[in-house]
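So you can see what is in the structure, the chains are spelled out below.
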Amino acid sequence: MIRTQLRPFIFGLGSFLLLASCGQDTKKKAPPAAPLGDVAQVFHDVSSRYKLPREILLAVAYKESGFTAEPSRGIHDQDGSLRGMLNGETAVGLPRSVLKLDDNPENNSLRAQMEAYGALVREHLDAQHLDLSPSLHTADAVYDWAWQLAQVHSRDKEARKNVQILFAMETIETLNRGFLWQDAGTREKIELLPRNPPLTVESFSAPIQANLQLDTSISEIYMVDYLQLTYGETGKVDNQPRRVIIVHCPLTLSSCLASQVQTPDAEHVMLGAHYIIPASEQLLKKPVKLLPHRAPVRLTDPNGQQQLITDAIVIMLVGQSGHYKDGQRMQADPAWYNRKQLQNMGKVIEGVCTLINRDDPSVELERCRTPQDGLEFRTPNGKAFRIGDIPDFEPSIFWSFARNPDDLSGDIELQLPPNQKLFPAGSSVTINLGFIRSTAKIDVQILERCPSGKTVWSTINSMAVRNIDRKTIQVERFDQGPNLNGQQFLRALAYDSSGRLMGWGTQHFFLSNYDAAGTPGPNEGLCAVP
């Protein structure tokens, strides 16, 4: 069973149950439960008013936005104009128009959006004459709720069942993993405990298993599936590719896919792609092709204008890298990409360039695969982010995979103590490192935020290792971290004896009672790097 642990409430109740089980007088009046925090109260109220499982509401709002109600927008004009994607307007990944919310600033609150979302879901269920179980005890009950929410999120004439399947799978996966969230201002904590045992496709009844099968076919590239959503802009002008563009979508996989059938408009960012490479193989086993190469796609350029791409293949990396506020990345997550995703990127680049060369021999294969020549990575311009830019971009990592998908030879694993994600500030946090024996050097880094808002990796430990595959380190932190909510991100880089990068790994945890000010940040040299 999934339990939503809203800590201020559960701790009070848990203490009473513990005393009762230890032989205390059960007739004594239980101590009053601590009041819910503001965010927890929102979910409690919406759940009660519209008869919706609180766990489901928490899972959707967390996976879509991390409970952030303000629209996610980047700077897309020289005058500082802000634009975002349609599905990044609200905390639940739906446009304001769908939630029937106008531009009133009061509608930027989590309460307003969750109330509107609760009403929308209840309206949908009542129209379908559905009376779903409020309990999530069984696998099929979880699926019923996830699938109906998928209908709410993708129900217009452009709805695609593949997108609905992926939304439902994302919701179920969020319930499986659980999460710990801490508010940067009030320090309120919400924890959704992982489902135990986790749900897999085999957990569901046979009809549901059949309904969760994605409709894909083979493509010209052996390790890519064809997942067609639209025929693109046919009948106007053909795309005649001579180069490759790599972009990034910071939303969920289902939202990034849904954006591909979005009707072009001047207010929102257009982020079209021929190929999509997800961050996790749990939802899509392979990268997917969305459009034939001859179909052009639309991208919003740095000046905020929609550009019809007629000379390139666009590859999109999907990963929830953070929320964008006024062109700055908030709630940053530097672990949005991984070695497998970049390895797949390199293989898709190789396959795409081979096809481009086949159709137009004047485009040299090696030039097509060379960064800053036939291969363009969309990266931030200074500290200002545009939607589509690749955050945490490091040429030493991304370029190496573009040149040779199998270039890096081994990951490094960072393990926290079992079932622990929250530690008192200043306590010694044990990190167990696992790596391959040919590793000769390990750099451990912490993510920090510069005064400009940019995030950088600062090295806190550099060690030589020899003929071992495990190492234990201790980390002590006091500060609020780059997201100002006590969350700390670690990265370990493994090098061989020649100094060549072999692989990397990441981990994160939260601090309680952290210092909101008065702790040193990154050094000026790191922050000065463009």
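Residues numbered from 1 in each chain as written. Predicted model: local features only at pLDDT ≥ 70, side-chain atom pairs only at ≥ 80, totals over all residues. Heavy atoms only, no water.

Peer 1: Honestly, the pattern of salt bridges in this entry has me stumped. Any pointers?
Peer 2: It is possible for side chains bearing opposite charge to pair when their charged atoms get close. One pass over the full model with this rule turns up 28 salt bridges. Between Arg 49 and Glu 115 there is a salt bridge whose closest N-O contact spans 2.4 Å. Linking Arg 49 in helix 2 (residues 38-50) with Glu 115 in helix 5 (residues 110-127), this pair joins segments that are 66 residues apart in sequence. The class for Arg 49 is partly exposed, based on a relative accessible area of 47%. With relative accessibility at 17%, the residue Glu 115 sits in the buried group. (Salt bridge = Lys/Arg side-chain N within 4 Å of Asp/Glu carboxyl O. Helix = DSSP H or I, 4+ residues; strand = E, 2+ residues; numbered from the N terminus. Buried < 20%, exposed > 50% of the residue type's maximum accessible area, 1.4 Å probe, protein only.)

Peer 1: Before we go on, may I ask you to explain helix 7 (residues 161-177) in this structure?
Peer 2: Across its 17 residues, helix 7 extends 24 Å between first and last C-alpha, which sits within 8% of the 24 Å expected from 1.5 Å per residue. The buried fraction of helix 7 is high, at 15 of 17 residues. Following helix 7 by one or two positions, Gly 178 has its phi on the positive side, about 70°. (Expected span 1.5 Å × (residues − 1).)

Peer 1: How should the pairing of strand 24 (residues 501-512) be read in this particular structure?
Peer 2: Within a regular strand, the side chains alternate between the two sheet faces. With ten of twelve residues buried, strand 24 is to be regarded as a mostly interior element. Bridge count for strand 18 (residues 422-424) against strand 24 is three bridges, and the pairing is parallel. Each residue of the ladder has a partner; that of Pro 424, found in strand 24, is Ser 512. Across nine bridges, strand 23 (residues 487-495) lies against strand 24 in antiparallel orientation. (Pairing = 2+ DSSP bridges.)

Peer 1: What exactly am I supposed to notice about the nonpolar core here?
Peer 2: Among soluble globular proteins, nonpolar side chains are generally buried collectively. Residues Phe 43, Phe 67, Leu 110, Met 114, Tyr 117 and Met 316 are the most contacted members of the largest nonpolar core, which totals 85 residues. With nine residues, the single largest contributor to this core is helix 6 (residues 139-153). By size, the runner-up hydrophobic cluster in this structure holds 35 residues, among which are Ile 221, Ile 349, Ile 356 and Leu 375. (Core = buried A, V, L, I, M, F, W, Y, C linked by side-chain atoms within 4.5 Å.)

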